[in-house]
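# Inside the fold
What follows is each chain in one-letter form.
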Amino acid sequence: MRAVLEYWSVLAHGLWVTVWVSFCIIVGSIPGAVILGALRLSENRAVRLTSTIIIESIRAPSALVLLYWVAYALPLVPGMPRLSPITAAIVVLALDGAAYGAEIVRAGIEAVHRGQFDACHALGLSKIQGFSRVILPQALSQIVPGFGGLARSMIKWTAIVSFIGVQDVMYVANYIRGQTFDTVAVFCVLAALYWLLTILCGVMFRGLEQLLPLNRALRSSRVELNLTSNLVSESVQ
Amino acid sequence: MLSATNFSQQLQFESNAVDDSMDEGGAAPHAKKMMWSIEFEKVSKSFGSHQVLVDLDLQVRPGEKVTLIGPSGSGKTTVLRLAMTLAKPTRGDIRIFGESILFDADKKGLSAAQESRIRRRCGMVFQQYNLFPHLTVLQNLILAPTTVLRQSKAQAVESAMVYLRMVGLQDKARSYPAQLSGGQQQRIAIARALVMKPEILLLDEITSALDPELAGEVLDVVRRVAHESRVSLLIVTHEMRFAREVSDRIAVFDRGSIIEQGVPEKIFTQPENERTRTFLQSVLDH
Ligand SMILES: Nc1ncnc2c1ncn2[C@@H]1O[C@H](COP(=O)(O)OP(=O)(O)OP(=O)(O)O)[C@@H](O)[C@H]1O
Ligand SMILES: [Mg+2]
């Protein structure tokens, strides 16, 4: 164990890469997830079909195959760029996150009461105005918890970036194991680090939930309802 | 409970709006005879193989208060939803102040912008209120004026407060919908529709989710809108006493068409159609 801890600075660097990749792919997957999820519910069949095809073709191959493809096969296609390993990793995992996130977004939007769409229309709001000001803010109360779970998975997905040479915590753990031969200690530390990261991520998402407009509205009504019921019980006594 | 101050004055614009539209609409061919605020012409609507409306003709004059009554499932809600462009008819045409909400002059479909301009002249209040739960009462009232009408926030707030006073809920501006009773929520929903200054207001069973005492306060608001403004009202209700009191005309629906219409006095005291009599008996017995 002590031998492993002597490599703490290498480990810290690897951890930092994992955190950075995780942050980029979680944030990077959000716009794609919202757009693909919203398009899945379009009234236009062609649009619906296109987004379904995009989502399915990202999800169908394993993320690792997609990663190898972008890292090694794509540069061989004429006119296509050669991405650095870390860029390739972020692009692939963010796309993968967007494809899974799209289903969470779709389910969140579908959970918003039909009458809310009708009210937007009756007030003259355009589709985009209604979506951004009324539907999405309410859907977020469903989407954010779902996305929190996805984000925790995404942190764990980042381990595969070591396969294309990105020096994340997984990569350096393997390196330290090669140096110290202390396999058990290395993998215990590694597991603890992933555990810590996913816990922190969960805490952050729970904090984020508190800030959502619908949660805030419901919280303040609950507070008021409690106050009135206290007053009622006091006056009864 | 509801203060009458300034109410008629606040609704003044609606009469102006109606007058203006009657002038400018002069170009439309049917305007020469009579400018209807809403006009259904041979409208049919089917859901799959289920035909809900059959060749419906219905006209409402500017400022007229028309109430649709009839058995459950007869198509009353569908009429309002078609007028609000929440659904499209299978056949026929619907015009708002002479302008089709379905086709342009070349009988082609309307662009989103054209449709939105016409749709803006209608407002609708729903049975389930449909307030935006994540916004405060005031935010509910200013959202559409600031985004659709592009009013400044100050302007929108000022006019929202006028309507909140009108429905007697000015002290609830900062509350969220979940903090209000059903009756209060529905009064807010009416205010939210009115801040958009519609020339036609569609009310779909706006009291049927409410206890009788709460329904009363909502109906009071509608009575005042009916008596003091020149907005056209198309009302669906099961409250027969209210219908009788507030309507200029009652249209009785059965199985997707109007079987009888006339002034409330006549419909309630001397209905001609046998099915009208059966229907009235069934609701008045309850
Ligand atoms: N979106 C829809 N899809 C399928 N059928 C529908 C739809 N909307 C309405 N219908 C059917 O159309 C018929 C008329 O419905 P509508 O809601 O207009 O009746 P209504 O007169 O308002 O009844 P109620 O008094 O119960 O509200 C009903 O049989 C209903 O089942
Ligand atoms: Mg109905």
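What you see is a predicted model; the values in this text were computed from it and never measured. (Residues numbered from 1 in each chain as written. Chains lettered and ligands numbered in written order. Predicted model: local features only at pLDDT ≥ 70, side-chain atom pairs only at ≥ 80, totals over all residues. Heavy atoms only, no water.)

## Side note on the confidence of the model for chain B
Residue and element names in this part refer to chain B. Mean pLDDT for chain B: 87, with 88% of residues reaching 70 or above. The low-confidence segment residues 1-6, where pLDDT is below 50, has 12 contacts with residues more than four positions distant or belonging to other chains. Across residues 12-31 the pLDDT falls below 50, and counting only partners more than four positions away or on other chains, this stretch makes 28 contacts in the model. Interface confidence for the predicted complex, given as ipTM, is 0.87, next to a pTM of 0.85. (pLDDT = per-residue confidence, 0-100. Contact = heavy atoms within 4.5 Å.)

## So, the pairing of strand β3 (residues 65-69) of chain B
Residue and element names in this part refer to chain B. β3 sits mainly inside the fold: 5 of its 5 residues count as buried. When β3 meets strand β8 (residues 232-236), the two strands line up parallel, connected through 4 bridges. Within β8, the position partnered with lysine 65 by the bridge is leucine 233. In this structure, β3 lies alongside strand β9 (residues 249-254), joined through 4 bridges in parallel fashion. Bridge pairing in β9 links leucine 68 to alanine 251. (Buried < 20%, exposed > 50% of the residue type's maximum accessible area, 1.4 Å probe, protein only. Helix = DSSP H or I, 4+ residues; strand = E, 2+ residues; numbered from the N terminus. Pairing = 2+ DSSP bridges.)

## Comments concerning the packing of helix α2 (residues 8-39) of chain A against helix α7 (residues 127-157) of chain A
All names here are of chain A. Interhelical geometry of α2 versus α7 gives an angle of 140 degrees and a closest axis separation of 11 Å. When the interaxial angle is binned, α2 and α7 end up oblique. Along this stretch, α2 crosses α7, giving a crossing that reads as right-handed. Contacts from Ser22, Ile25, Ile26, Ser29, Ile30, Ala33, Val34 and Ala38 of α2 reach α7 at Phe131, Leu136, Phe147, Ala151, Met154 and Ile155. Of the residues that constitute the contact of α2 with α7, the class distribution is 12 nonpolar, 2 polar and no charged. (Axes fitted to C-alpha atoms, helices over the stretch in contact; angles between N-to-C directions. Parallel < 35°, antiparallel > 145°, perpendicular 65-115°, else oblique. Left-handed = near helix turned anticlockwise from the far one by under 90°. Nonpolar A, V, L, I, M, F, W, Y, C, P; charged D, E, K, R; others polar.)

## Section: the pattern of salt bridges
Per the counting criterion, the structure on display carries 26 salt bridges over all chains. Residue B:Glu64 is joined to B:Arg249 by a salt bridge in which the shortest nitrogen-to-oxygen separation is 2.9 Å. Of the two residues, B:Glu64 is situated in the loop between β2 (50-60) and β3 and B:Arg249 in strand β9; the sequence distance between them amounts to 185 residues. Looking at B:Arg249, the relative accessible area reads 15%, which means it is buried. In this structure, B:Arg119 engages B:Glu115 in a salt bridge whose closest nitrogen and oxygen atoms are separated by 2.9 Å. Of this pair, B:Arg119 and B:Glu115 both sit in helix α4 (residues 112-119), 4 residues apart, roughly one helical turn. Take B:Arg119 and B:Glu115: they sit in the same class, and that class is buried. Overlapping salt bridges, with partners in common, bring together A:Arg40, A:Glu103, A:Arg106 and A:Glu110 in one network. (Salt bridge = Lys/Arg side-chain N within 4 Å of Asp/Glu carboxyl O.)

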